[in-house]
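# Results of the structural survey
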Amino acid sequence: MATQLKNLSDFSHTTVPDGKNYKFAIAVAEWNAAITGSLYDGALKTLLSNGVLEENIISVPVPGSFELTGAAEILLSKRPELDGVICLGCVIQGETRHFDFICQAVASGLTDVSIKHSKPVIFGVLTTDDQQQAVDRSGGKHGNKGDEAAITAIKMAHLNATV
Ligand SMILES: Nc1c(NC[C@H](O)[C@H](O)[C@H](O)CO)[nH]c(=O)[nH]c1=O
Ligand SMILES: CC(=O)[C@@H](O)COP(=O)(O)O
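In this report, we go over the structure that sits alongside the text. Model, not experiment: these values are computed from the prediction. (Residues numbered from 1 in each chain as written. Chains lettered and ligands numbered in written order. Predicted model: local features only at pLDDT ≥ 70, side-chain atom pairs only at ≥ 80, totals over all residues. Heavy atoms only, no water.)

### Re the pattern of salt bridges
In the structure shown here, the tally under the stated rule is five salt bridges. A salt bridge links Glu81 to Arg79; its shortest N-O distance comes to 3.9 Å. On the accessibility criterion, Arg79 (38% relative accessible area) is partly exposed. We note a salt bridge from Glu148 to Lys145, for which the minimum N-O separation is 3.5 Å. Remark: Lys145 and Glu148 occur in helix α5 (residues 145–162); sequence separation between them is three residues, near one turn of the helix. Assessed through its relative accessible area of 17%, Glu148 is described here as buried. (Salt bridge = Lys/Arg side-chain N within 4 Å of Asp/Glu carboxyl O. Buried < 20%, exposed > 50% of the residue type's maximum accessible area, 1.4 Å probe, protein only. Helix = DSSP H or I, 4+ residues; strand = E, 2+ residues; numbered from the N terminus.)

Here you go:
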């Protein structure tokens, strides 16, 4: 499979705008906290290393990935100064179809909030078959989805500010 050949966080070949003028929120799901904690660490490190100021980053926990949509809406409604919201979560398939409903709801919900506010709302949510796939994508052999989400946030905030 193509994925097996890639570090999915390999964005060194792309140009990342300076993030010094942008303000972001990071919403982090508490479900699978060991994974989402690694996603958060990656996202925070990447924001800071690309110029975003620490005082311009708001971090908020939410119970689970399903609540990321509500958090993004609340943040952008109450904090209009934000240039975007990075949403981090990890949904791992269990015995039932609950996985499907959560993943679909979050994917479409975050898109709706982004369009409503005309601001980037980044889908930094792992949706995996098992724990190992999540480990591999939160600082493992396939990179860190949190890093990718941070880069995406900066790029989209820059597009919003300069187009
Ligand atoms: N099973 C996972 C969940 N489930 C909880 C939901 O996200 C939600 O908090 C609950 O349905 C109440 O609204 N959440 C994850 O983030 N990851 C999972 O694997
Ligand atoms: C994605 C989930 O909600 C899942 O982890 C819960 O497990 P189950 O589907 O076995 O109830």
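### Digging into the site of ligand 1
Every residue close to ligand 1 is listed here: Trp31, Asn32, Gly64, Ser65, Phe66, Glu67, Cys90, Val91, Ile92, His98 and Ile102. One of the backbone N or O atoms of Ile92 is found 3.1 Å from an oxygen atom in ligand 1. For ligand 1, whose free accessible area comes to 440 Å², the fraction covered by protein is 77%. Among the cavities detected, the one that contains ligand 1 is the largest pocket. Contributing elements (two or more residues each) for the shell around ligand 1: β3 (84–92) and α3 (98–117). (Near = heavy atom within 4 Å. Polar contact = N/O pair within 3.5 Å; in protein donor to acceptor, adjacent residues only side chain to side chain. Areas by Shrake-Rupley, 256 points an atom, 1.4 Å probe, with all protein chains shown as cover. 1 Å grid on protein atoms, 1.4 Å probe; cavity = no way out; pocket = protein on both sides within 12 Å on 5 of 7 lines; lining within 4 Å. Sits in = over half its atoms within 2 Å of the grid points.)

### Topic: the packing of helix α2 (residues 68–78) against α3
Following both chains from N to C, one finds α2 and α3 inclined at 15 degrees, their axes separated by 8 Å at the closest point. Considered as vectors, α2 and α3 are oriented roughly parallel to each other. As α2 packs across α3, the resulting crossing turns out to be right-handed. Between α2 and α3, the contacting residues are Leu68, Thr69, Ala72, Glu73, Leu76 and Ser77 on the first element and Ala105, Val106, Gly109, Leu110, Val113, Lys116 and His117 on the second. Within the contact of α2 with α3, the residues separate by chemical class into seven nonpolar, four polar and two charged. (Axes fitted to C-alpha atoms, helices over the stretch in contact; angles between N-to-C directions. Parallel < 35°, antiparallel > 145°, perpendicular 65-115°, else oblique. Left-handed = near helix turned anticlockwise from the far one by under 90°. Contact = heavy atoms within 4.5 Å. Nonpolar A, V, L, I, M, F, W, Y, C, P; charged D, E, K, R; others polar.)

### Quick word on the packing of helix α1 (residues 33–49) against α5
Two elements in contact, α1 and α5, have axes separated by 7 Å at closest approach and are oriented at 40 degrees. Our classification of the angle between α1 and α5 gives oblique. Of the two elements, α1 crosses α5, and the hand of that crossing is right-handed. Between α1, through Leu39, Gly42, Ala43, Lys45, Thr46 and Leu47, and α5, the contact on the second element is made entirely by Lys145, Gly146, Asp147, Ala150, Ile151 and Ile154. Classifying every residue of the contact of α1 with α5 gives six nonpolar, three polar and three charged.

### Some points on the site of ligand 2
Around ligand 2 sit Val91, Ile92, Gly94, Glu95, Thr96, His98, Phe99 and Ile102, and that is every residue in its neighbourhood. A distance of 3.2 Å separates an oxygen atom of ligand 2 from a polar backbone atom of Ile92. Contacts to ligand 2 include Thr96, whose side-chain N or O atom sits 2.6 Å from an oxygen atom. In isolation ligand 2 exposes 320 Å². Once the protein is present, 72% of that is buried. Counting residues per element, the ones that place at least two in the shell around ligand 2 are β3 and α3.

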